[in-house]
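Geometric and topological summary
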Amino acid sequence: MLRYSRFLVRHHWFVLGFVVLISIILTIIGFAFTQLPDFSDPRSGWGARGKGTIFSQLMVLRHASERFRLAYELPLENYELFGAHNQFTDVIVEDLDEDTYRSDVLAKYDIWRKKNSIKQNDELIDYNNLDENFYDNAIDEDEVPDYDDENGQGSALLYQWHRDRHFDVNNLITKYVDDKMINITVLEFVKNLPQFNRKNYKSARLPFDLFRPYAYLLEEKYRGRAGRDGMIEFYIERTQSTEDLLSIKHLQSICQWEKKFKHLLSLNSTASLSLATFVALYSAKNDCQLITNNDVARFRSILHTCLPYYINGYMDIPLSDIFLNRVILEHQPGYFTHQEQVKAVYTALRHTCFYKNITRFIFDHFVDKQFIVDLQQMKSQAKVSLSTIYISNYRSHKYNRTRDQIMCERRRPHSRKYCEERGCMKDYRNKLLLQSCANQAPPKGNCFKYCQCKFQCANATEQIVTMSPIYKGQELVALFEKYFAGKRQLPTYRDRFIKLIALNFANVRERAAMARISEDMLLVLIATTLIIGITVLYLRSVSIALIIIVGAALSIGVSFFIYRVIYRIPIFPFMNLMSAFILIGIGCDDIFVFFDTWDQEKAEWLRKYQDRQQQDVNIPLNEITNEETQVKKKRKFKLPSNEFQSRHRLPLFNDPEEMQRLLSSEEALTEIMAKTLKHAASSMFVTSFTTSAAFFTNMLTNISFVQVFGVFTGTCILLYFLITVTAISAFAVIYEKYIQNIVSRLLSIRFTSVVDTSSDDSTGKLCRRLATICRDIRLYTFGHLMPFIIINLRYLLVLLFLPMGILGLVGVFHYPKLQVPSTQKVAFFLKDNPMETYEFIMKTKFNGYSKEEKRLFAYPAVSFIFGIRDIDDGYIFDMNDRGHLHLMPLYLERQMTLDFFKQFITDLGARPDLFGSNYDLDKDFEAFYQLTSENILIAKIADDRARQNLYNTSHLSMIKHLSQLNTSLIENLVSDTVRTIGYRIETDESDHEDYIDSKSGKINKTLNRISLKQLNNRLNPIINYSNYRKLFNKTLEKYYKDQLERSYDKNEIRRFLNGTIRDTLTGEYHRAALRTAMQCLTGAAGANNIPPDFCERQLNKQRSVNWAVLPDKASSVDGSVRPFAVIITIRGALNRTDYDSYNSYYFNIKNFFDPYIKQNAPQHLQHAWFSSPGFAFYGVQRELLVGSYSSLIASLGIALLVLFLTSGNLFIAVYALITITFAIAVSVAIFAALKWELGIIEAIIVIMSVGLSVDFVVHFGVGYIHTDSTDIERKRKNIKDRYLASLSTSSDNSEVQTVSRISSYRLLYREHQIERETRVTESIARVGSAVFMAAFTTFAAGFSMTLSALTSFRQMGQFLMTIMFMSWVFAMFFFLPLCAIIGPVGKCGSIPFQRIGQFCKQRLFCCRRRQDQTNQQDINE
């Protein structure tokens, strides 16, 4: 320490310049050559990524999906779970059919009107009188349908019952009822369809022509995701609680405000919707100002009619044409099943309640939940209290774009080839010709022209509609700030009927919050100003106050360099900015302790210097000037002093220059610096290390957002400590040698009593007077008043704060305790912000948002993964780093593997407490399992054998073989061959060379007759069939192969099909099926001559994805495709979304799945695991709960260890730990009582509480242990002298002996007690003022954060203020009184570091000596 101090004193300018220069260079590199912080996505890093976490499992699933998609050039899916949603992008509108809004088209298919009815009014059909004609003859044959089927036949599908495309009655569907998601079967869904009240219903078709301009608002796929990225929403409320928004006056007011808001935002030309607009549209009116009371009554009647279907979930499926056409229920003659009832009700209400889901849209977003509840009870008395005005933020424009021709170009030549060879005539015979190309087909045309027409690539360009956002992120934020952000602005948007209470500006709440960060960071200036002011008042130096800020800035800059370059962390959350406030507050702690110790050691050096001078020569150093004597006489009270203050009170010099010269000497500064670092550096290191360690324990949470904040802030604190003991220590030397002389009169008011200035001006006197008063108050408070209160009231204080700490622990762990977040929504602004009101209040008032929330978490789809280990080895802080997929052997071709999967799927269905129906999953797996059934494998073996025989047999041998089997086979052979070309032999103009006579260019009409005669000649069955050689040989091979397959013994093949051969064939079949499937999926099916219609059937087939086999990239050697993973997905049975339910459900699945796999799965499938996207939020909740308390316990453990090693006393460490625990518990309990939830911000706060609260206890504990032993001995000697004096006054010797025996214990107790009091008094006098100011500065930094408009900043500020207050109060009024009562005395509880060091040195010396002796012996030998 002495060498380093001498180096600092001698080279102070070099040390300061070097540290500052290096810090500036590293800061510039960090900001100039690395990625700057990007706050556009405030949720970046919110995933709980780490070993065994749910989020990491989902990352593995995402990686597997990307591996599969990239292997086959398929577009990647968007995962909102792993990053920000891409807002304000163009929406491509390709399939918006405007004819679906034409009333004249829709009128042709109104089933509620009886056909050929004389009545003009709509007449409902009673479903009890229905028959089959109701469905099959519902549409006149001469009518032009508004929908065409996939084959282009023009048959109307709108009401036909297609039994080939259906939902099975056992399929599960999900509907939303009574604020819950319910899974039911299709059968139960159809059976429970409510019937409407015909008396209260007026049949009417909505005027869909008027709805066409609102198509992009009505159809959900164009509105964007939940939150309406393209929508500006205004939420309005009635001004009087007894009024109804669904009344004519309120609707007219809504209509006016709708137009005002559009004009205010310059969106007059865009579409908008409101309750008033819907009332007008439902009455076929274009302007909401034209509505009447009759229109309102009609609208209410329609809502009442449709309500039963809404509240029972029949609008959520949605109940639509396609759904009804796919539902199959058995129909028996004379009995009309629920299918007929559904169709009758649906067709009657189709254009009113179900079509386009317009009415459902109203129920979801334009009337509140309470209105829906009341409407069920009373139709006319139900009142709407809340509603919405939607204004579109999109403009539409048409343009031509180039088509994506990749798929077309891949398939075109192969598809045409197949069409010409096999498909053209088949389509012609079956009447399946494409209508648009029918004129090119036979008999008018030929197959070449037809196939060219059918499979030609489309035009290079196509016309589409693009929806482009009018206002984007920053523009919307600016509009919001201009018109709606101020507290006084929102109340201006109201009138006598309605008022604006909330709004959603196209979901820019998070962007607006991030925009406020730059403004709120100006609060750092407020914090800086407060810190400078406090430092100037305490240390009376502006330069020292400025060096605090400079040190904080340098440490943040260097930390950013380390964060980006060394740690390589790509994300920089906005929470990291809070480290500036924390660092400024905490930095003052080190500076105050350092300069307090510096002043004390400086005074001690001057006192020792004075003592030495007085021993040598009687120098009048203690002479007091007349002015100082007068000042002392004017004091109204005498300052009491203790041993510490008396020893460290500076002597007064008549000559300030002499004093400055003495202190500026190298010897003096070296000794002062050495002792300052010895006493202050240890405390500073302990506080810095424990605080940074508490922040680094954030790494235990597995949540990247929390982890990186802890890493960055912990690094800042450690760097600040290093800067303090280097640059700021060098600055202390510079300040003492130069600054105090040069600028003391200009910038500093640091006047100490050691300087006797001769200035007589009033300003100087006032400054000296104020400085003296402040110093005296500080000395009196922490030298006399606080020790007096703590020592005399120690029992009362302990009894007061001990129950308080216990109650805090009860509040943290029992009640009310911090609950995990109940929603994934995060508050960014204060509660009175209109966008926060929308997010946290309005979304709970409307069913649309409640349903969206429920759909995210109710009935989670649980996936069981085989073939991949759940190891996420990507960089935890980089969401784009996927790491590597750890693949395991799957052996899907083995029969034992397939049997296990079959049994596992069956067992899943046997657990209704955990999972829903396994019907879909079982059907999917059965389809896959049947690919390699025994019959199929036998057929494959027979086919392979027949192919091998066919390859080795000549065509002549084939003919002989067929002739020997049956003569009729030859006749059929020729007949089939000629039939292929002879169905219209007179008009066939096909240009196929196999069909044309090469000489005449015409069809040889005698070919059939000649062929039969020559081929039936058994002796010499030779014919010249060159004209149709290819076709004949192909037909011959087919006949021959069929006969061979029939001749094989299936029982022999079954015996041949043992385990190994079966597995091999199964693998080959699987790979072939996967290759074909992927060729269909990627559009390359024609390369292997796969029929296009086969691919179309496979891709359009209605099926689930419960059984998924992920194929790897096709082999470059043989083109084979092998599966690398199997994912089995089944819908979970959990219908509740709270944390406890999810936690119980998750572990129930785990307790079922893990033992099941261990006991039943083959060895190569033992690695299986499960996960679900629905578990993502639960995973964050669990990591917050477990990680926060784990980090808190780890922080307390580190603090205990550091305290124990630093103080060297076990009792002080334990008392300090109890004090810290109580302070944290009370602080957290306060916020738990205020209904704080344990979210991301709260978790950071709880974890860092140890680091923030440990500083004060450390300083007091170190001060208690390091009390000067001479003061303790002097006090103990005084007590002993009093005791002996009392004994000497006793007259009777026997009495003296008795009193001696009785009082010896009392004397020991008094000696121990006076030692405790002395230690407590000196600890407060030494660091009490510095600790108080450190707490006050951090409190002030927290106060500056409470002025922020962001919730996170304000919460952090509130917590800083609370934890600083509680930590200081408990340290001062609980820890010190506890030490005054049962604090250690002497060496009790202390670690004998000196003995341990001597023992280690002796052992080391012995080892070296023994080694030297051994070496010497070796040399001698």
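Residues numbered from 1 in each chain as written. Predicted model: local features only at pLDDT ≥ 70, side-chain atom pairs only at ≥ 80, totals over all residues. Heavy atoms only, no water.

Turning our attention to the pattern of salt bridges. Counted by the stated rule, this structure contains 34 salt bridges. Measuring nitrogen to oxygen at the nearest pair gives 2.6 Å for the salt bridge that ties Glu666 to Arg10. In this pair, Glu666 sits in helix α27 (residues 666–696) while Arg10 sits in helix α1 (residues 2–10), placing the two residues 656 residues apart along the sequence. When its relative accessible area of 37% is taken as the criterion, Glu666 is described as partly exposed. Between Arg1319 and Glu1315 there is a salt bridge, with the nearest N and O atoms lying 3.0 Å from each other. Here Glu1315 and Arg1319 lie together in helix α48 (residues 1293–1345), a separation of four residues that amounts to about one turn. (Salt bridge = Lys/Arg side-chain N within 4 Å of Asp/Glu carboxyl O. Helix = DSSP H or I, 4+ residues; strand = E, 2+ residues; numbered from the N terminus. Buried < 20%, exposed > 50% of the residue type's maximum accessible area, 1.4 Å probe, protein only.)

This part covers the nonpolar core. Phe211, Phe234, Leu273, Phe278, Phe484, Phe505 and Met1356 are the most contacted members of the largest nonpolar core, which has 261 residues in total. Other than its neighbours up to four places away in sequence, Phe484 contacts Phe234, Phe261, Leu264, Leu265, Leu479, Gln489, Tyr493, Leu500, Leu503, Phe505 and Pro834. Of all hydrophobic cores here, the second largest spans 59 residues; its members include Phe925, Val1126, Tyr1156 and Phe1177. (Core = buried A, V, L, I, M, F, W, Y, C linked by side-chain atoms within 4.5 Å. Contact = heavy atoms within 4.5 Å.)

Further remarks concern helix α33 (residues 895–909). Counting along an α-helix, one turn takes 3.6 residues, and residues three or four places apart therefore face a common direction. The end-to-end C-alpha distance of α33 is 22 Å, a good match for the 21 Å that 15 residues give at a rise of 1.5 Å each. Along α33, the positions that sit buried rather than exposed are Gln895, Thr897, Leu898, Phe900, Phe901, Phe904, Ile905, Asp907 and Leu908. (Expected span 1.5 Å × (residues − 1).)

Moving on: unusual backbone geometry. The amide bond that connects Tyr815 to the next residue, Pro816, takes the cis arrangement and shows omega of 0 degrees. For Pro816, the position within the fold is in the loop between α30 (794–813) and α31 (834–845). In this structure, Ala284 takes a positive phi of about 60 degrees despite not being glycine. Here Ala284 lies in the loop between α11 (275–282) and α12 (293–311). Although it is not a glycine, Lys1235 sits at a positive phi angle of roughly 70 degrees.

Under the criterion given, the structure shown has 80 aromatic pairs. For the ring pair Phe234 and Phe505, a centre distance of 6.4 Å and an interplane angle of 80 degrees mean the geometry is edge-to-face. Taken together, the residues Phe234 in strand β4 (residues 231–238) and Phe505 in strand β9 (residues 498–505) connect sequence positions 271 residues apart. Taking relative accessible area as the criterion, Phe234 reaches 0% and is therefore assigned buried. On the basis of relative accessible area, Phe505 is assigned to the buried category, the value being 0%. Between Phe594 and Phe595, the ring centres sit 5.3 Å apart and the planes meet at 80 degrees, which makes this aromatic pair edge-to-face. (Phe/Tyr/Trp six-rings, centres within 6.5 Å; stacked < 30°, edge-to-face > 60°.)

Right, let's talk about the confidence of the model for the protein for a bit. Taken over all residues, the pLDDT of the protein has a mean of 77, while the share at 70 or more is 74%. Segment residues 111–167: pLDDT under 50, and 116 contacts once partners within four positions in sequence are set aside and those in other chains are kept. (pLDDT = per-residue confidence, 0-100.)

A few words now on helix α16 (residues 369–377). Among the residues making up α16, those that are buried are Phe371, Ile372 and Leu375. The buried side chains of α16 occupy one side of the element, clustering within an arc of 100 degrees when seen end-on. If you follow the buried residues of α16, they end up packed against α12, α15 (358–365) and α32 (847–857). Measuring from the backbone nitrogen of Gln370 back to the side-chain oxygen at the start of α16 gives 3.2 Å, which picks out Asp368 as the cap. (Arc of directions from axis to C-beta. Polar contact = N/O pair within 3.5 Å; in protein donor to acceptor, adjacent residues only side chain to side chain.)

What follows deals with the sheet that holds strand β12 (residues 1123–1131). Across the sheet, four strands lie side by side as β11-β12-β10-β13; this open sheet has antiparallel pairing. A single partner strand is all that each edge strand has here, and the edge strands are β11 (1107–1111) and β13 (1169–1171). Strand after strand, the sheet turns through a mean of 25 degrees between neighbouring axes, direction not considered. Judged from the six bridges that link them, strand β10 (residues 861–866) and β12 form a sheet pairing that is antiparallel. Paired with Ala861 across the strands is Arg1131, a residue of β12. On top of the sheet, helix α3 (residues 54–71) reaches β10, β11, β12 and β13; it is set at about 95 degrees to β13, its chief contact. (Pairing = 2+ DSSP bridges. Axes fitted to C-alpha atoms, helices over the stretch in contact; angles between N-to-C directions.)

What follows is about the sheet that holds β9. Spatially, β5-β6-β4-β9 is the arrangement adopted by the four strands of the open sheet, whose pairing is antiparallel. Whereas interior strands pair on both sides, the edge strands pair on one side only; in this sheet they are β5 (272–274) and β9. Averaged over neighbouring strand pairs, the angle between their axes works out to 20 degrees when direction is ignored. Where β4 lies against β9, seven bridges are found, and the strand directions are antiparallel. When the sheet's bridge partners are listed, Ile236 is paired in β9 with Leu500.

Looking now at empty space enclosed by the protein. Over the atoms, a rolled probe matching the size of one water molecule traces out where space is still vacant. Scanning the model with the defined rule gives 13 cavities of 30 Å³ or more in all. Roughly 130 Å³ of volume is contained in the largest cavity. If you go around the largest cavity, the residues you meet are Val593, Thr597, Gln600, His679, Ala680, Ser683, His1259, Val1262, Gly1263, His1266, Arg1326 and Val1327. When the residues that make up the lining of the largest cavity are grouped by side-chain class, the tally is four nonpolar, seven polar and one charged. (1 Å grid on protein atoms, 1.4 Å probe; cavity = no way out; pocket = protein on both sides within 12 Å on 5 of 7 lines; lining within 4 Å. Points joined across faces, edges and corners; volume = space filled by probe spheres on them. Nonpolar A, V, L, I, M, F, W, Y, C, P; charged D, E, K, R; others polar.)

Where α1 contacts α27, the two axes come as close as 8 Å, and the packing angle between them is 130 degrees. When the axes of α1 and α27 are compared, the pair comes out oblique. Along this stretch, α1 crosses α27, giving a crossing that reads as right-handed. Across the interface between the two elements, Leu2, Tyr4, Ser5, Arg6, Leu8, Val9 and Arg10 from α1 touch Glu666, Leu669, Thr670, Met673, Ala674 and Leu677 from α27. The class makeup of the residues in the contact of α1 with α27 is eight nonpolar, two polar and three charged. (Parallel < 35°, antiparallel > 145°, perpendicular 65-115°, else oblique. Left-handed = near helix turned anticlockwise from the far one by under 90°.)

Once that is clear, we can look at the side chain of Ser688. You can see Ser688 is positioned in helix α27. Within the local environment of Ser688, its side chain forms a polar contact with the backbone oxygen of Met684, the two atoms lying 2.8 Å apart. Discounting chain neighbours no more than four positions away, the residues touching Ser688 are Asp590, Ile717, Leu718 and Phe721.

Turning next to the pairing of strand β6 (residues 386–392). Taken across its seven residues, β6 has seven buried, putting it largely inside the fold. On β6, burial covers both faces: Leu386, Thr388, Tyr390 and Ser392 on one face and Ser387, Ile389 and Ile391 on the other are all buried. The sheet contact formed by β5 and β6 spans three bridges and is antiparallel. Paired with Ser274 across the two strands is Ile389, which belongs to β6.

Our next topic: the state of the cysteines. Covalent bonding between the sulfur atoms of two cysteines defines a disulfide. Considering all chains together, one arrives at four disulfides under this definition. In this model, Cys255 is linked to Cys288 through a disulfide, with the two sulfur atoms separated by 1.7 Å. One quick way to see it: the torsion about the S-S bond of Cys255 and Cys288 is about 65 degrees, and its sign makes the bridge right-handed. Note that Cys255 is positioned in helix α10 (residues 248–264) and Cys288 in the loop between α11 and α12, a separation of 33 residues in sequence. Like Cys255, the residue Cys288 is buried in the burial classification. The disulfide that involves Cys437 links it to Cys453, with 2.0 Å between the sulfurs. Its S-S torsion of approximately -75 degrees makes the covalent link between Cys437 and Cys453 left-handed. Of this pair, Cys437 sits in the loop between α17 (406–429) and α18 (447–454) while Cys453 sits in helix α18, and the two are 16 residues apart along the sequence. (Disulfide = S-S within 2.5 Å.)

Moving on: a nonpolar patch on the surface. A grouping of Tyr4, Phe7, Phe14, Phe18, Leu21, Ile22, Ile25, Ile29 and Phe33 is seen on the molecular surface, where their side chains present a nonpolar patch of about 860 Å² in accessible area. Elements supplying a minimum of two residues to the nonpolar patch: α1 and α2 (12–32). When residues in the nonpolar patch are grouped by element, the largest group, six residues, is from α2. Its place among the elements puts Phe7 in helix α1. Overall, Phe7 belongs to the partly exposed group, its relative accessible area being 35%. (Patch = residues over 30% accessible without salt bridge, like charges linked within 9 Å, V, L, I, M, F, W, Y side chains within 5 Å. Areas by Shrake-Rupley, 256 points an atom, 1.4 Å probe, with all protein chains shown as cover.)

The next subject is the packing of α33 against helix α43 (residues 1139–1160). To characterise two packed helices, one gives the angle between the axes of the helices and the distance between these axes. Interhelical geometry of α33 versus α43 gives an angle of 150 degrees and a closest axis separation of 12 Å. Looking at the two axes, α33 sits roughly antiparallel to α43. With respect to the hand of their crossing, α33 and α43 are arranged in right-handed fashion. Contact residues: α33 offers Phe900, Gln903, Phe904, Asp907 and Leu908, while α43 offers Phe1152, Phe1153, Tyr1156, Ile1157 and Asn1160. Looking at the contact of α33 with α43 residue by residue, the classes come out as seven nonpolar, two polar and one charged.

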